[in-house]
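# Architecture and fold: a report
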Amino acid sequence: MYSIKRKFSWFSSSSGMAADDEDIIIPKLDEPEIKLEAVSTPDVHTIASGVIQDGYTDADHHFMFDAHDQFPWKPPSTSTVQYVPGRGVSRYKAALQNLIPIRKSNKRKVIGVDSAGFLSFISYSWMNEMMMTAYRKSTVTVNDLPHCSPWDTCNYNSERLDKMWQEEVARKGPQDASLGGVVWRFIRTRALLATCVYALHVTMGFISPAIFLRNLLVFSETPDSNVWNGIFWAFCLTMSEVLRILFFTWSWALNYRTAVRLRAACMGLLYKKVIRLNSLGNKSIGEIINLFSTDSQRIFDMTLFAPQIVGGPLTLVSGLG
């Protein structure tokens, strides 16, 4: 309570005397306490970095709810791998582990391609668990899908491609820097390996009918031939076909993963570039969408089928020889 003094004149109805000053008591109202809390609102760069790294943001949890799911999709708990430039064979430590014939399967909620052995990698048997889950449940929800490999994420590959581009600009300057050269450096090792593997596939496909099958037919037409010669040529024909299929599936496994990484890297850099622009200038929204959809798919197809170009000249040279 507090009081204020107000001066006014009035006449009492009983005494007729005037009163000059009077203290008027005014009740004090209870004012509500207002607490100001700082609410952090994510900016465009924060949202974009979340999208590039994991493909979603925290705000997307409310929109990633499927009618068949009991709970909304949760973000992956796996740590993100940061790109660190390496030298020598140590750069390929994770990839070389796929050359181990048989490896123990990974039970974590991550796609099994990183923990797959060589036979599982080229035969795609690491997908058996997902296929069986889809067969048993008839409907696959988002919660049933494993998390992406950290080596195939947009965050890792875009950072790697960005550092290669910065090195190219620092070495040749902005005018002479070549994006094609940077992309070739990005996929060079895996592309050359896939090309060599596909060349072996083409070679085995030529040797099998030209040598082994031919000698097996000659053996079958000769009455007094040694039986062991026939067994030898039949064994060679069988092994050549097995190796041909092995090299073919191995080249496709390499090409698919290389294409996924290059596409993720280009889309990540493009997304970072777009969110830094104040305006699109003379570009329309449709053209930007085409960059993310059509052009990125062309990059994927180019990386997937380019190593197979060597098959034509190699077959021609082998046939002429």
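Within each chain, residue numbers correspond to sequence positions counted from 1 in written order. Given that the model is predicted, a residue must reach a pLDDT of at least 70 before its local features are reported, and side-chain atom pairs must reach 80 or more before they are shown or counted; all residues, however, enter totals for whole chains, interfaces and linings. The side-chain figures draw on all heavy atoms in the structure; neither hydrogens nor water molecules are used.

Time to look at the overall build of the chain. Secondary structure elements follow DSSP: runs of H or I no shorter than four residues count as helices, runs of E no shorter than two count as strands, and numbering proceeds from the N terminus. Tallying secondary structure elements over the chain gives nine helices and two strands in all. Secondary structure elements of the chain, listed N to C terminal, follow the sequence β-β-α-α-α-α-α-α-α-α-α. Burial classes follow relative accessibility: with a 1.4 Å probe on protein chains only, a residue under 20% of its type's maximum area counts as buried, one over 50% as exposed, and anything between as partly exposed. Considering the chain as a whole, with its 321 residues, one finds that 25% of them fall into the buried category. Here a residue-residue contact requires only that any non-hydrogen atoms of the pair lie within 4.5 Å. Of all intrachain contacts in the chain linking residues separated by at least 6 positions in sequence, the fraction that spans at least 24 positions is 63%. For accessible areas, the Shrake-Rupley method is used with a probe of radius 1.4 Å. Any residue's cover is judged against the shown protein chains and nothing else. Accessible surface, the chain as shown: approximately 22200 Å² in total, 61% of it carbon and sulfur.

Let us look at the UniProt feature "transmembrane region" (unreviewed entry) in the chain. UniProt positions are given in the numbering used here, feature names are shortened, and annotations may be inferred rather than shown by experiment. Mapped onto this numbering, the UniProt entry annotates "transmembrane region" (unreviewed entry) at residues 191–211 and 231–253. Note that residues 191–211 is 100% helix and 0% strand, and that its end C-alpha atoms are spaced 30 Å apart. Its end C-alpha atoms 33 Å apart, residues 231–253 is made of 100% helix and 0% strand.

Any two of the Phe, Tyr and Trp rings considered here, Trp counted by its six-membered ring, make a pair once their centres fall within 6.5 Å; the pair's planes then place it as stacked at under 30 degrees, edge-to-face at over 60, or tilted in between. Using the criterion set out here, one finds ten aromatic pairs in the structure. When the ring of F118 is compared with that of W250, the centres are 5.0 Å apart and the planes differ by 90°; the resulting orientation is edge-to-face. Of this pair, F118 sits in helix α3 (residues 118–123) while W250 sits in helix α7 (residues 227–276), and the two are 132 residues apart along the sequence. Comparing F118 with W250, the two get one shared label, buried. Aromatic pair F232 and W233: ring centres 5.1 Å apart, planes at 65°, arrangement edge-to-face. A network of ring pairs unites the aromatic residues F248, W252, Y256, F300 and F305 as a single cluster. Throughout this description, the term charge over a ring refers to an Arg CZ or Lys NZ atom that lies within 6 Å of the ring centre and within 35 degrees of the ring normal. When the ring centre of F186 is taken as reference, the NZ or CZ atom of R160 above it lies at 4.4 Å.

Bringing the confidence of the model for the chain into the picture now. pLDDT is defined as a per-residue confidence score from the predictor, taking values between 0 and 100. The pLDDT averaged across the chain works out to 75; a share of 73% of its residues lies at or above 70. With pLDDT under 50 throughout, residues 1–79 is counted as low confidence; its partners more than four residues away or in other chains account for 84 contacts.

Tracing the chain through its elements places S240 in helix α7. S240 gets classed as buried once you look at its relative accessible area, which sits at 1%. Apart from the residues lying within four places of it in its own chain, the contact partners of S240 are M204, S208 and F212.

Let us now look at the nonpolar core. Across soluble globular proteins, you tend to see nonpolar side chains buried next to one another. F121, I122, F247, W250 and L254 are the most contacted members of the largest nonpolar core, which totals 13 residues. Residue assignment for this core shows that the elements contributing at least two residues are α3, α6 (179–221) and α7. The greatest single-element share of this core, amounting to four residues, is contributed by α7. Apart from residues no more than four positions distant in its own chain, L254 is found in contact with F121, R190, L193 and A194. The criterion is simple. A nonpolar core is a set of buried Ala, Val, Leu, Ile, Met, Phe, Trp, Tyr and Cys residues joined through side-chain atoms within 4.5 Å. In terms of nonpolar packing, the next biggest core, distinct from the first, is built from eleven residues, Y156, M164, V182 and A265 among them.

Residue position: L270 is located in helix α7. Aside from chain neighbours lying at most four places away, what touches L270 is L291 and F292.

Turning next to α7. Helical geometry: 3.6 residues make up each α-helical turn, so side chains three or four residues apart lie on a common side. Take the residue count of a helix, subtract one, and multiply by 1.5 Å to get its expected span. An ideal rise of 1.5 Å per residue puts 74 Å on 50 residues; α7 measures up with 74 Å between its terminal C-alpha atoms. The opening residue of α7, the one whose side-chain oxygen lies 3.3 Å from the backbone nitrogen of W228, is N226. Under the rule applied, a polar contact is a pair of N or O atoms within 3.5 Å (in protein, one hydrogen donor and one hydrogen acceptor; residues adjacent in sequence only if both atoms are side-chain atoms).

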